[in-house]
Amino acid sequence: MKRDLLTILDLTTAEILALLARAAELKAWHRQGRDPKPLAGKTLALIFDKPSTRTRVSFEAGIAHLGGSSIYLGRNDSQLSRNEPVADTARVLARYVDGIIIRTYGHEIVEEMSRFASIPVINGLTDSHHPCQVLSDLLTIQERFGRVTDLKIAWLGDGNNMANSWITAALRLDFALALACPPGYEPDARLLALAQKASRPIYLGNDPVAAVQGAQVINTDVWASMGQEEEAQERLQVFYPFQVSSDLLRQAPPEVVVLHCLPAHRGEEITEEVLEGPQSLVWDQAENRLHLQKALLEWLVG
Ligand code: CP
Ligand code: NVA
């Protein structure tokens, strides 16, 4: 049976740990110039309704490293832009290619793609989830701390797709997640209810200092995500207290690291000083998209 990655909840704990281990191995092998070729003869379609630097390029490069090829379909490139149903597109693409990577708005679009495509579907970001990013971030955390459990991870700012994906990760792995979001900008209530039901150490509040106290990792992201451009101005006022600054970092232990999935807005959710400072892992974090996704592609499509 084909498998998809629409959210991190599609994976078991063991599968996440196996992906992280394999990604670390593939990273080392890539540095030695010996990429395996499990995608030889395979083709993936990339359907992108929103812009992307990291997701697109890391997937296309990773597919090439693994011996496969990719077909990029931007916003206006397929008949989806002229309202051909997702279900029809999914069934047709499955006759041509071996997997679909899709970045779009509503999460229901990737769910429909997955229902109708007989091939693996990978979520390259929706309004609700960004699983590939958070899995890659776990790789970055594993590299730094040697583990992805027994940590406190803080999320500051918008309760957006990234925040939701962090909650799904915390539902699968044993780390504490402290989210500090302004009132009215909380993550998905259904995920928080799941967390509560499972008695997971997932805490939502609106005090950034409390969130970072005792934390090994501080995460943030833009205050207005793709599709929310019109709200950007009003969000600035609401979100300023959640800015990741040097002052805030001083409230956390000295070993704390800062992650940001990028693109970053310097002076908004993160200061220039922190983003470019010694506690920032953002460039390794961006690189790890490549290695984690190669492990994912090998497993789902190879
Ligand atoms: N972090 C991330 O997904 O970046 P892109 O929007 O550039 O793909
Ligand atoms: N939350 C951001 C992430 C960008 C990678 C967005 O959806 O625009």
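Note that the structure is a prediction, hence the values are computed from the model and not measured.

## Regarding the overall build of the protein
Part 1 of the reasoning: Across its full length, the protein holds 12 helices and nine strands.
Part 2 of the reasoning: Over its C-alpha atoms, taken along the principal directions, the protein stretches across nearly 55 × 45 × 40 Å.
Part 3 of the reasoning: Going through the 302 residues of the protein one by one, you find that 56% of them count as buried.
Part 4 of the reasoning: In the protein, once contacts between residues fewer than 6 apart in sequence are set aside, the share between residues at least 24 apart is 76%.
Part 5 of the reasoning: Taken as a whole, the protein presents about 12,700 Å² of accessible surface, with 50% of it coming from carbon and sulfur.
Part 6 of the reasoning: Side-chain charges in the protein split into 29 positive and 38 negative, and the spacing between the mean points of these groups amounts to 6 Å.

## Here's the deal with the site of ligand 1
Part 1 of the reasoning: Inspection of the region around ligand 1 gives Ser52, Thr53, Arg54, Thr55, Arg103, His130, Gln133, Cys261, Leu262 and Arg289 as its neighbouring residues.
Part 2 of the reasoning: The side chain of Arg103 places a nitrogen or oxygen atom 2.8 Å from an oxygen atom of ligand 1.
Part 3 of the reasoning: At 2.8 Å, a side-chain N or O of His130 approaches an oxygen atom of ligand 1.
Part 4 of the reasoning: Its free accessible area being 260 Å², ligand 1 has 95% of it covered by the protein chains.
Part 5 of the reasoning: Class assignment for the residues of the shell around ligand 1 results in two nonpolar, five polar and three charged.

## Quick word on the side chain of Thr140
Part 1 of the reasoning: On the secondary structure map, Thr140 appears in helix 5 (residues 131-145).
Part 2 of the reasoning: Using a relative accessible area of 2% as the deciding quantity, one classes Thr140 as buried.
Part 3 of the reasoning: Not counting chain neighbours up to four residues away, the residues in contact with Thr140 comprise Leu259, Leu281, Asp284, Gln285 and Asn288.

## Comments concerning the sheet that holds strand 2 (residues 69-73)
Part 1 of the reasoning: The strand order across the open sheet built from four strands is 2-1-3-4, with neighbouring strands paired in parallel fashion. Looking at strand neighbours, the two that pair on one side only are strand 2 and strand 4 (121-123), the edges of this open sheet. Sheet twist, expressed as the mean angle between neighbouring strand axes with direction ignored, is 20 degrees.

## Comments concerning the environment of His30
Part 1 of the reasoning: If you trace the backbone, His30 turns up in helix 1 (residues 13-31).
Part 2 of the reasoning: On the basis of relative accessible area, His30 is assigned to the partly exposed category, the value being 25%.
Part 3 of the reasoning: Along the backbone, His30 and Thr7 are 23 residues apart, and their C-alpha atoms lie at a distance of 27 Å.

What counts, and at which threshold
Sequence order as written defines residue numbering, which begins from 1 separately in each chain. To label them, take the chains in the order written and letter them from A, then take the ligands in the order written and number them from 1. In keeping with the model being predicted, local features are shown solely for residues with a pLDDT of at least 70 and side-chain atom pairs are shown and tallied solely at 80 or more, while totals for entire chains, interfaces and linings include all residues. Hydrogens and waters are ignored; side-chain quantities use all the structure's heavy atoms. Helix and strand definitions follow DSSP, with helices as H or I runs of at least four residues and strands as E runs of at least two, each counted in order from the N terminus. Any residue under 20% of the maximum accessible area for its type is buried, any over 50% is exposed, and the rest in between are partly exposed; the area is computed with a 1.4 Å probe on protein chains only. Two residues form a contact once any of their heavy atoms are found within 4.5 Å. Here the Shrake-Rupley method, with its probe set to 1.4 Å, supplies the accessible areas, and only the displayed protein chains count as covering residues. The sign given to each residue is positive for Lys and Arg and negative for Asp and Glu; His and the chain ends receive no count. To locate a charge, the coordinates of NZ of Lys, CZ of Arg, CG of Asp or CD of Glu are taken. Think of it this way: one heavy atom of a residue within 4 Å of a molecule or strand is enough to make that residue near it. As used in this structure description, the phrase polar contact means that two N or O atoms lie within 3.5 Å; if the pair is within protein, one of them must be able to donate a hydrogen and the other to accept it, and residues adjacent in sequence are counted only when both atoms belong to side chains. In this count, Pro and Cys sit with the nonpolar residues alongside Ala, Val, Leu, Ile, Met, Phe, Trp and Tyr, while Asp, Glu, Lys and Arg are called charged and the others, Gly among them, polar. At least two bridges found by DSSP between two strands is the condition for calling them paired. The angle between two axes is taken between their N-to-C directions and runs from 0 to 180 degrees, where each axis is a line fitted to C-alpha atoms and a helix contributes only its stretch in contact.

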